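# Working through the structure, step by step
Chain residues, written in single-letter form:
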Amino acid sequence: MSTGLDLVAAELSARRRRRLSADHAQAVAGGCINAAWRLHGEGGDVFLKTNRVDALSMFEAEAEGLDELRHAGALRVPAVFGVGSSGSLAWLALEYVQTGRPGPAAERQLGAALARQHGCLGESFGWRRDNTIGMTPQPNQRCDEWPEFFANRRLGFQLDLARDDGRPPALIDAGRRLQELVPRFFEQAHPEPGLLHGDLWSGN
């Protein structure tokens, strides 16, 4: 195929030792920054996300994150079949899961499962590697306290990006004041480092 999916399908077929074809690939909804496909093959269909080859590290971090969530055993998380680059494409291949329209019962189950997942506690805030939010880098160096992590790894880093992008100085200054005030919001609260899905919305 002219999309380069044939190269990806050949690479993934070799890794899994199961034939996967791009001949009848179907474009599916998969977010706003990647192309997403449903590929048909032996042993079941595959959900494939593709992007430019320089996006490989983003997919590698996503694959590790999905493995981490799945190992918690709280939620139904698609299996990771592979991640790599073929030709001009970086790609992430996942188990294809047929979804439906959630009702009240499913939403209650999701809430209970998320509570179980959030109960998987770590020793510090952060993660073993950086990842992205969309295409934007997201630093995850560990901190002992949540206010420090949120103020510096999240707010502070985004403010640095906004400054470098030429955003109004008044906006940056207001953000810095908020960054300095973050510890006050948590004087009476002491969050524990739980396992979170960092970009949880209906499209994910």
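Rules of the game
Residues numbered from 1 in each chain as written. Predicted model: local features only at pLDDT ≥ 70, side-chain atom pairs only at ≥ 80, totals over all residues. Heavy atoms only, no water. Helix = DSSP H or I, 4+ residues; strand = E, 2+ residues; numbered from the N terminus. Buried < 20%, exposed > 50% of the residue type's maximum accessible area, 1.4 Å probe, protein only. Areas by Shrake-Rupley, 256 points an atom, 1.4 Å probe, with all protein chains shown as cover. Lys, Arg positive; Asp, Glu negative; His and termini not counted. Charge placed at Lys NZ, Arg CZ, Asp CG, Glu CD. Pairing = 2+ DSSP bridges. Core = buried A, V, L, I, M, F, W, Y, C linked by side-chain atoms within 4.5 Å. Expected span 1.5 Å × (residues − 1). Arc of directions from axis to C-beta. Contact = heavy atoms within 4.5 Å. Phe/Tyr/Trp six-rings, centres within 6.5 Å; stacked < 30°, edge-to-face > 60°. Lys NZ or Arg CZ within 6 Å of the ring centre and 35° of its normal.

Attention shifts here to the overall build of the chain. Counting secondary structure elements, the chain contains five helices and seven strands. Counting only C-alpha atoms and orienting by the principal axes, one finds that the chain spans roughly 55 × 45 × 30 Å. Across the 204 residues of the chain, 31% fall into the buried class. Accessible surface, the chain as shown: approximately 12600 Å² in total, 52% of it carbon and sulfur. Averaging the locations of the 23 positively and 26 negatively charged side chains of the chain gives two centres separated by 5 Å.

Burial analysis of strand E3 (residues 46-52) places six of its seven residues in the buried class, the great majority of the element. The pairing of strand E2 (residues 35-41) with E3 spans five bridges and is antiparallel. Paired with Leu39 across the bridge in E3 is Val46.

Turning our attention to the nonpolar core. Counting 14 residues, the largest nonpolar core has Leu5, Leu12, Trp37, Leu39, Leu48, Trp91 and Ala93 as the members making the most contacts within it. Contributing elements (two or more residues each) for this core: helix H1 (5-16), strand E1 (20-27), E2, E3 and strand E5 (89-95). For this core, the leading source of residues is H1, giving four residues. Judged by nonpolar contacts, the second largest core, of 13 residues, contains Phe59, Leu69, Val77 and Leu195.

Now for helix H3 (residues 104-118). Spanning 15 residues, H3 covers 21 Å between terminal C-alpha atoms, matching the ideal 21 Å at 1.5 Å per step. For H3, every residue scored as buried is listed here: Ala113, Leu114 and Gln117. Taken down its axis, H3 places every buried residue within 105 degrees of arc, on the same side. For H3, exposure combined with an orientation more than 90 degrees from the buried face picks out Pro104, Arg108 and Ala115.

Topologically, Gly156 is positioned in helix H4 (residues 146-164). Residues Gly156 and Glu180 lie 24 residues apart in sequence; the distance between their C-alpha atoms is 9.6 Å. Among residues more than four places away in sequence, those in contact with Gly156 are Ala151, Arg176 and Gln179.

What follows is about the packing of aromatic side chains. Two descriptors summarise a pair of aromatic rings, namely the distance from one centre to the other and the angle between the planes of the rings. Enumeration over the complete set of coordinates arrives at three aromatic pairs. Seen from their ring centres, Trp146 and Phe150 are 5.6 Å apart, and the 25 degrees between their planes marks the pair as stacked. Placement of both Trp146 and Phe150 in helix H4 is noted, with a separation of four residues, approximately one turn of the helix. Residue class for Trp146 comes out partly exposed when judged on its relative accessible area of 22%. Residue class for Phe150 comes out partly exposed when judged on its relative accessible area of 28%. What links up through ring pairs into an aromatic cluster is the set Phe125, Trp146, Phe149 and Phe150. Positioned above the aromatic ring of Phe81 is the side chain of Arg16, whose terminal nitrogen or guanidinium carbon lies 3.9 Å from the ring centre.

This next bit is on the environment of Ala113. By the element assignment, Ala113 lies in helix H3. Along the primary structure Ala113 and Arg184 are separated by 71 residues, whereas in three dimensions their C-alpha atoms are 31 Å apart. Ala113 has contacts with Ala74 and Leu75, leaving out every residue within four places of it along the chain.

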